[in-house]
Amino acid sequence: MLRRIFDSSFFIPIVGTLAVVLAWIGWMEADRTPHDAFFYAIDSLAVGDFYKDSTSLKNDAGEIIWNPWLEIARWLGLIFLAWAVGKTVGLLFADRFKALRARMGKPDIVLMGDAEMLAPLADHVAASRPTLWLHPGMPVSVPGATVVSERWSGSLYRAYRLGTAKAIVIAYEGAPEAQMAIARSLEVMGTRADIIVLARDGAAMEALAHEYGVTRTRVISAEDAAVRRLHERRPPFLAAVEREQKRLHSVIFGWTEASEAIVRDTLLSSLTTDLGKPRFTVFCANPKENAAALALSAPEFAEVADISFEGGVIAGEPQYLPADTLRSVMAQDPVSRFYVCFADQRDNLVTAFRLTELVRAEGWNACGIYRYEHVRTGGGVDVPEDCDRPIGFGHAEDVAVGLGLVGDTPDRLARALHQAYRDAAPPDAPANRPWDDLDEDLRGANRRNIVHLPAKLHSAGAVVTAGDGPLPQFPELEEGGALLESLAVLEHDRWMAERRLAGWRHAEMRDDRRRLHPDLIPYDALSEKAKSYDRNVITTLADALRQAG
């Protein structure tokens, strides 16, 4: 309580004002004029000559006058002066004090950069993990986190004990080369921490990672992390299954980084044996341009899902909701979910609530409406999908969990999957290494398999529910049995979706540089050797689930 009082910005003016008022009263009683009394009173804040020696106040007979008001003002003035000097020294040397404290600590999470998203991320992570933020400019204040002004150099690695960190997140505004250079430096220094580069354009940043020779750094956007957390808690396929729909149909407002993340994660997490080809309907300001860009980046996207880009949405004017087009879309193919992902927060808010009113008025089978709130402080509200209001996602909590910055065992299931693979792999297999020694492409492959795990379990007949509860086990998988074979087909479909989203195409001969692969064909047309890979993925997943408990 006392600390809060003394740290408060109200303390110094209250004490100073009280000292001046009491001193003025005292000097008025000592027969000074109001004008002179005021200037004598002001001197109390600087502990002037009289306030250093109160015996200097005497009457006409030379007798010392004891004035209680002036005595109190003396001490209040001293307190004021001490507090002001202390505060000034603290401000002048704040960075040095913070740096000294940071050098003495052992952070679990290290944030580097000046990206706007780091402030809410630090605020959330610091509540549960020792957090250090190395800010290249004027640092901001984050409760619980140590924030120091430092530009990256190799000397910081030892100075701040970065080798003891569990994760290092790098996010600079408009400086992709600098981010990769730092990641490369950390890899060369031998850090065991998970290195994460937060990127605006994941594909471009991954290409840059290859150029810099970065192999152990995870490149991901805040949008990808937030969407992954949303779909982890609320698997998209469950929305279609619970409504007894024939396929998953997602309607997206706005075509932004978050929208693209939704499409990618939905396809990688929600292909099942009992649902047809997924469908996406996107309402955006430039439908033709966006459709052309998608066709260029993923030429075989149509093999994975149906997608249509519709106009009728004007950026900055969310009040114009394409109600007639929505009614037509709903009549053709019932919608499983709505996502509102404009670049502007206000547009998201207005569109989401207007959409809620339309869904109520039309009685559309209680579709879930999700509104991207961009990265900000706070956590998502865990409410039922069929609630009568939009559900926000994209909070700092979502991003932190999606990146594995909170919790005791990040990538727990992915690590278990890799260990299950190692248990059966030949000792000289290239990937038969501890998780911490794996390159990021192999870690990512394990994570993507875990992303699809709930859909595989559902397809195997297990009961999968929304939330963070434990996953069920696979039923018994007999070698050569129908269940194992159907799940192997599903795994091949997932693998093809992953490749096609990354721009791969079918060809008779494999060419990694041109992204060509002969196995981008139906499962039945695969060689027996290729089919065995898919079956092994299923049995390894089952082993990993048993090991993870």
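Residue numbers here run from 1 along each chain, matching the order of that chain's written sequence. Totals for whole chains, interfaces and linings use every residue, but because this is a predicted model, local features are given only for residues with pLDDT of at least 70 and side-chain atom pairs only at 80 or more, for both listing and counting. Derived side-chain values reflect all non-hydrogen atoms in the structure, with water molecules and hydrogen atoms excluded from consideration.

S.K.: Can you walk me through the nonpolar core in this structure?
M.R.: A general feature of soluble globular proteins is that nonpolar side chains tend to end up buried together. Only buried residues count toward a nonpolar core. Its members are Ala, Val, Leu, Ile, Met, Phe, Trp, Tyr and Cys residues joined through side-chain atoms within 4.5 Å. Residue exposure (1.4 Å probe, protein chains only): buried if accessible area is under 20% of the type maximum, exposed if over 50%, otherwise partly exposed. Leu-121, Leu-403 and Leu-405 are the most contacted members of the largest nonpolar core, which has 55 residues in total. Secondary structure elements follow DSSP: runs of H or I of four or more residues count as helices, runs of E of two or more count as strands, with numbering from the N terminus. The element contributing the most residues to this core is helix α13 (residues 257-269), with 6 residues. Contacts between residues were defined by any pair of non-hydrogen atoms, one from each residue, lying within 4.5 Å. Filtering out sequence-adjacent residues up to four positions away, Leu-403 remains in contact with Leu-121, Ile-196, Leu-198, Arg-218, Ile-220 and Ala-225. Leu-275, Ala-455, Phe-474 and Ala-542 belong to the second largest nonpolar core, which has 28 residues in total.

S.K.: Where do I start with the pairing of strand β5 (residues 194-198) in this structure?
M.R.: The side chains of a regular strand alternate, residue by residue, between the two faces of the sheet. With 5 of its 5 residues buried, β5 lies for the most part within the structure. The two faces of β5 match: Asp-194, Ile-196 and Leu-198 on one face and Ile-195 and Val-197 on the other face are all buried. The pairing of strand β4 (residues 167-170) with β5 spans 4 bridges and is parallel. Looking at β5, one finds that Ile-168 is bridged to Ile-195. By convention, orient the strands away from the viewer: a clockwise path from the first strand over the helix to the second makes the crossover right-handed. Following the backbone out of β4, through helix α9 (residues 176-188) and into the adjacent parallel β5, one traces a crossover that is right-handed. Alignment of β5 against strand β6 (residues 217-220), held across 4 bridges, turns out to be parallel. Paired with Ile-195 across the strands is Thr-217, a residue of β6. Following the chain from β5 across helix α10 (residues 202-212) to the adjacent parallel β6, one finds a crossover that is right-handed. For two strands to pair, DSSP has to find at least two bridges joining them.

S.K.: Which parts of the structure should I look at to understand the sheet that holds strand β10 (residues 337-340)?
M.R.: Two modes of strand pairing occur in sheets, parallel and antiparallel, and in both the strands are linked by backbone hydrogen bonds. Spatially, the 6 strands line up as an open sheet ordered β9-β8-β7-β10-β11-β12, and their pairing is parallel. Strand pairing shows two members of the sheet lacking a second neighbour, β9 (306-310) and β12 (391-393), which therefore form its edges. When strand polarity is set aside, the average angle formed by the axes of neighbouring strands in this sheet is 20°. Where strand β8 (residues 279-283) and β9 come together, 5 bridges link them in parallel fashion. Looking across to β9, one finds that Thr-281 is bridged to Ser-308. To define axes, lines are fitted to C-alpha atoms, for helices over the stretch in contact only, and angles between the resulting N-to-C directions are given on a 0 to 180 degree scale.

S.K.: Please explain the pattern of salt bridges as it appears in this structure.
M.R.: By definition here, a salt bridge exists when the distance from a side-chain nitrogen of Lys or Arg to a carboxyl oxygen of Asp or Glu is within 4 Å. Scanning all chains against the criterion turns up 29 salt bridges. For Arg-129, the salt bridge goes to Asp-108, with nearest N and O atoms at 3.2 Å. Residue Arg-129 is found in the loop between α7 (118-125) and β2 (131-135), and its partner Asp-108 is found in the loop between α6 (94-104) and β1 (109-112); the two are separated by 21 residues along the sequence. Using a relative accessible area of 15% as the deciding quantity, one classes Arg-129 as buried.

S.K.: Sorry if this is basic, but what is going on with the side chain of Glu-373 here?
M.R.: Among the secondary structure elements, Glu-373 is positioned in the loop between β11 (368-372) and β12. A residue is classified by how much of its surface remains accessible, and Glu-373, at 6% relative accessible area, is buried. Leaving out residues up to four positions away in the same chain, Glu-373 has contacts with Gln-345, Gly-392, Phe-393 and His-395.

S.K.: Can you help me understand a nonpolar patch on the surface in this one?
M.R.: Patch membership requires more than 30% relative accessible area and the absence of a salt bridge. Residues of like charge join within 9 Å; the nonpolar side chains Val, Leu, Ile, Met, Phe, Trp and Tyr join within 5 Å. In this description, accessible areas are obtained by the Shrake-Rupley approach with a 1.4 Å probe, and a residue is regarded as covered only by the protein chains that are shown. Side chains of Trp-24, Phe-38, Phe-39 and Ile-42 sit close together on the surface and give an oily, nonpolar patch of about 380 Å² of accessible area. Mapped onto the elements, Trp-24 comes out in helix α2 (residues 11-29). Judged by relative accessible area, Trp-24 falls into the partly exposed class, the value being 33%.

S.K.: Is there a simple way to think about the packing of aromatic side chains in this case?
M.R.: What characterises a pair of aromatic rings is the spacing of the ring centres plus the angle enclosed by the ring planes. Ring pairs shown here join Phe, Tyr and Trp side chains whose ring centres sit within 6.5 Å, with only the six-membered ring taken for Trp; geometry is labelled stacked below 30 degrees between planes, edge-to-face above 60, and tilted in between. Tallying each qualifying case throughout the model produces 4 aromatic pairs. Measuring from centroid to centroid gives 5.2 Å for Phe-253 and Phe-283, while their planes differ by 15°, and the two rings are stacked. Placement of the pair is Phe-253 in strand β7 (residues 249-253) and Phe-283 in strand β8, with a sequence separation of 30 residues. The two residues Phe-253 and Phe-283 agree in class, both being buried.

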